[in-house]
Amino acid sequence: MYDKLFPPKKLVLANGKVIMEKRSRLPFIFLILAVLTATSTQLTDFDIQMLFDRINQFFIIIGEMVPPKWSYFPHLWDAMISTLQMSFLGSIIGAALALPFAMMASSNVIRNKSVVAVFKIMLSLLRTLPTLVTALIATYVFGLGPMAGLVAIMLFTLSYVGKLVYEQIENVDMGSFEAMESIGMNRVEAFRYSIYPQVLSRYLSTSLFCFEGNVRYAAILGYVGAGGIGLLIHENIGWRDYSRVGMIILSLIVTVFVIETISEHFRKKLT
């Protein structure tokens, strides 16, 4: 369609050969982006003047967080440990469930297209739900507290790791899998001894990376009643006690940095 509206340009080379050079798509892409930007600006009531007028309030709040209230640090331990436990257990359970889900969603392992489609749709649907929304729904099922956050993190990890792992499974060498099937192994056994070793390092690396993010996600789940350090952030922001908020954020930054450093070390060993 684009080539019909903007015909290719005819070029004559030095040897007399004529070639047709297609028109660049960039003007069309820029036009679409401009239309989408203008539409988004209207729908969101974006005001660039207000952004510049009010941005200083952000730095004022940051300034009130410094210095943090050091005396508040002992009160963070229980909430921080709860957040870490919630993240760790949710990541472990989600990653463990992700492997069989990934196997069932792999078209080169499972020949039944309906089964593959069902599991791929399940993983896709879970990925479309934001963690906050999942945690909010979980609070109505399991009540307020870390249990709701754990379930939300578990479902996110299942969908995230499951998606990446089944894509890895679908790109492995199937020679050993077919050989093991030919000597009498069933599909699960063949998967265990041929495909699983090929994806194990990437599966573990992906699970560790997901755990890093889950610690950060768990920090905001308190806004919907899922407990942890997020609940303290929500309470202290509500009371405008920004020095306490500064202490909470500083503790969270240090915790996440330590976890990311350790995780990165092990992920380098796995790759």
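Report on the accompanying structure. This structure is a prediction, so every number in the text was calculated from the model and none was measured.

## Here we look at the side chain of Asn214
Here is step 1: With respect to the secondary-structure elements, Asn214 resides in helix H9 (residues 187-218).
Here is step 2: Polar side-chain contacts of Asn214 include one of 2.7 Å to the side chain of Ser91.
Here is step 3: Not counting chain neighbours up to four residues away, the residues in contact with Asn214 comprise Ser87, Ser91, Ile153, Phe156 and Thr157.

## Some details on unusual backbone geometry
Here is step 1: Cis geometry marks the peptide bond from Val66 to Pro67; its omega dihedral reads -5°.
Here is step 2: Here Arg240, not a glycine, exhibits a phi torsion of approximately 60°, which is positive.
Here is step 3: Along the chain, Arg240 turns up in the loop between helix H10 (229-238) and helix H11 (242-270).

## Observations regarding the nonpolar core
Here is step 1: Val109, Val165, Ile169, Phe177, Phe191 and Ile195 are the most contacted members of the largest nonpolar core, which has 27 residues in total.
Here is step 2: Mapped by element, the contributors of at least two residues to this core are helix H4 (77-104), helix H5 (113-128), helix H7 (146-169), helix H8 (175-182) and H9.
Here is step 3: The contacts of Val109, once residues within four sequence positions are left out, are Met103, Ile169, Phe177, Arg187, Phe191 and Ile195.
Here is step 4: Tyr72, Leu76, Ile229 and Ile259 belong to the second-largest nonpolar core, a separate cluster that totals 15 residues.

## Description of the packing of aromatic side chains
Here is step 1: Applying the stated criterion across every chain yields a total of 5 aromatic pairs.
Here is step 2: Considering the side-chain rings of Phe101 and Phe119, the 5.3 Å spacing of their centres and the 75° angle between planes classify their relative orientation as edge-to-face. In this pair, Phe101 is assigned in helix H4 and Phe119 in helix H5, connecting sequence segments 18 residues apart.
Here is step 3: Looking at Phe101, the relative accessible area reads 18%, which means it is buried.
Here is step 4: Across from the ring centre of Tyr193, 4.9 Å away, lies the NZ or CZ of Arg192, which sits over that ring.

## Quick look at the side chain of Ser194
Here is step 1: Here Ser194 is to be found in helix H9.
Here is step 2: Given the relative accessible area of 4%, Ser194 is considered buried.
Here is step 3: Within polar-contact distance, the side chain of Ser194 engages the backbone oxygen of Ala190 at 2.4 Å.

## Comments concerning helix H6 (residues 131-142)
Residues that lie three or four places apart on an α-helix share one face, since the helix turns once every 3.6 residues.
Here is step 1: For H6, with 12 residues, the first-to-last C-alpha span of 15 Å sits near the 16 Å given by 1.5 Å per residue.
Here is step 2: Those residues of H6 that fall on the buried side of the exposure criterion are Thr131, Thr134, Ala135, Ala138 and Thr139. Viewed along the axis of H6, the buried residues span an arc of 145°, placing them on a single side of the element.
Here is step 3: Contacts made by the buried residues of H6 are with H7.
Here is step 4: Downstream of H6 by one or two residues, Gly143 has phi in the positive range, about 85°.

Analysis parameters
Residues numbered from 1 in each chain as written. Predicted model: local features only at pLDDT ≥ 70, side-chain atom pairs only at ≥ 80, totals over all residues. Heavy atoms only, no water. Helix = DSSP H or I, 4+ residues; strand = E, 2+ residues; numbered from the N terminus. Polar contact = N/O pair within 3.5 Å; in protein donor to acceptor, adjacent residues only side chain to side chain. Contact = heavy atoms within 4.5 Å. Core = buried A, V, L, I, M, F, W, Y, C linked by side-chain atoms within 4.5 Å. Buried < 20%, exposed > 50% of the residue type's maximum accessible area, 1.4 Å probe, protein only. Phe/Tyr/Trp six-rings, centres within 6.5 Å; stacked < 30°, edge-to-face > 60°. Lys NZ or Arg CZ within 6 Å of the ring centre and 35° of its normal. Expected span 1.5 Å × (residues − 1). Arc of directions from axis to C-beta.

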